Amino acid sequence: MDEIITLLCPVRAAAGRGGELETALIGLAAATVRESGNICYRLHRTDDPDEIIIYEQWKNQAALDEHMATEHLQKFLSDGSKGLLAAEPHGRFLKEIIL
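Treat the numbers as computed from the prediction; the structure is a model and nothing was measured. (Residues numbered from 1 in each chain as written. Predicted model: local features only at pLDDT ≥ 70, side-chain atom pairs only at ≥ 80, totals over all residues. Heavy atoms only, no water.)

With respect to the overall build of the protein chain
To be explicit about the condition: Counting from the N terminus, the helices are the DSSP runs of H or I reaching at least four residues and the strands are the DSSP runs of E reaching at least two. The atom set for the radius of gyration is the C-alpha atoms, and the globule formula is 2.2 Å times the number of residues raised to the power 0.38. Buried residues are those whose accessible area, probed at 1.4 Å on protein chains only, stays under 20% of the maximum for their type, while exposed residues exceed 50% and partly exposed ones sit between those limits. Residue contacts follow a heavy-atom distance rule, with two residues in contact if any of their heavy atoms lie within 4.5 Å.
Scanning the protein chain for helices and strands turns up three helices and four strands. Sequence-ordered secondary structure for the protein chain, helices as α and strands as β, is β-α-β-β-α-α-β. Taken over C-alpha atoms, the radius of gyration comes to 14 Å for the protein chain, in line with the 13 Å a tight globule of 99 residues would show. Each principal axis of the C-alpha distribution contributes one length, and for the protein chain these read about 45 × 30 × 20 Å. Here the protein chain, with 99 residues, has 37% of them falling under the buried criterion. Here the analysis covers contacts within the protein chain between residues at least 6 apart in sequence; of these, 68% occur between residues at least 24 apart.

Given below as structure tokens:
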């Protein structure tokens, strides 16, 4: 059985561009939640106006791999984020603790 993949991905906007980043990520999220392998894709604001945290879950590694290759994500990473991001986004894999 494939294991659900959970990621926590902080995304930092260039100084003062948090609102623009939010708008861009909302567009990205709208396409992402329609992917068949997506379980959950949520955007969260922190107390820092230039930081957004993405919490996402995928049915398995193959679903995440498919997401990484989608046109909408590749377009965001190559064109849509130019000058908008302070640094390249990096996800952290989360491992569920079964109680």
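From this point, the narrative continues.
Notes on the nonpolar core
The test is simple: In plain words, nonpolar cores are sets of buried Ala, Val, Leu, Ile, Met, Phe, Trp, Tyr and Cys residues tied together by side-chain atoms within 4.5 Å.
Judged by nonpolar contacts, the single largest core of 19 residues is most densely connected at V11, L21, L25, L28, Y41, I54 and W58. Not counting residues up to four positions away in its chain, the partners in contact with L25 are V11, L43, I52, I54 and F76.

Some words on the sheet that holds strand β1 (residues 5-12)
Definition in use: Strand pairing follows a simple DSSP-based rule, namely that at least 2 bridges must link the two strands. The axes are straight lines fitted to the C-alpha atoms, using for helices just the contacting stretch, and the angles between their N-to-C directions are given from 0 to 180°.
Reading across from one edge, β2-β3-β1-β4 is the order of the four strands in this open sheet, with antiparallel pairing throughout. Each having just a single partner strand, β2 (38-45) and β4 (92-94) make up the two edges of the open sheet. When the angles between neighbouring strand axes are averaged without regard to direction, this sheet yields 20°. Note that β2 and strand β3 (residues 51-58) share seven bridges and pair antiparallel. Across the sheet, N38 pairs through a bridge with W58, a residue of β3. Helix α1 (residues 18-32) rests against β1, β2 and β3 of the sheet, and its axis sits at about 170° to β2.

These figures capture arrangement, not role.
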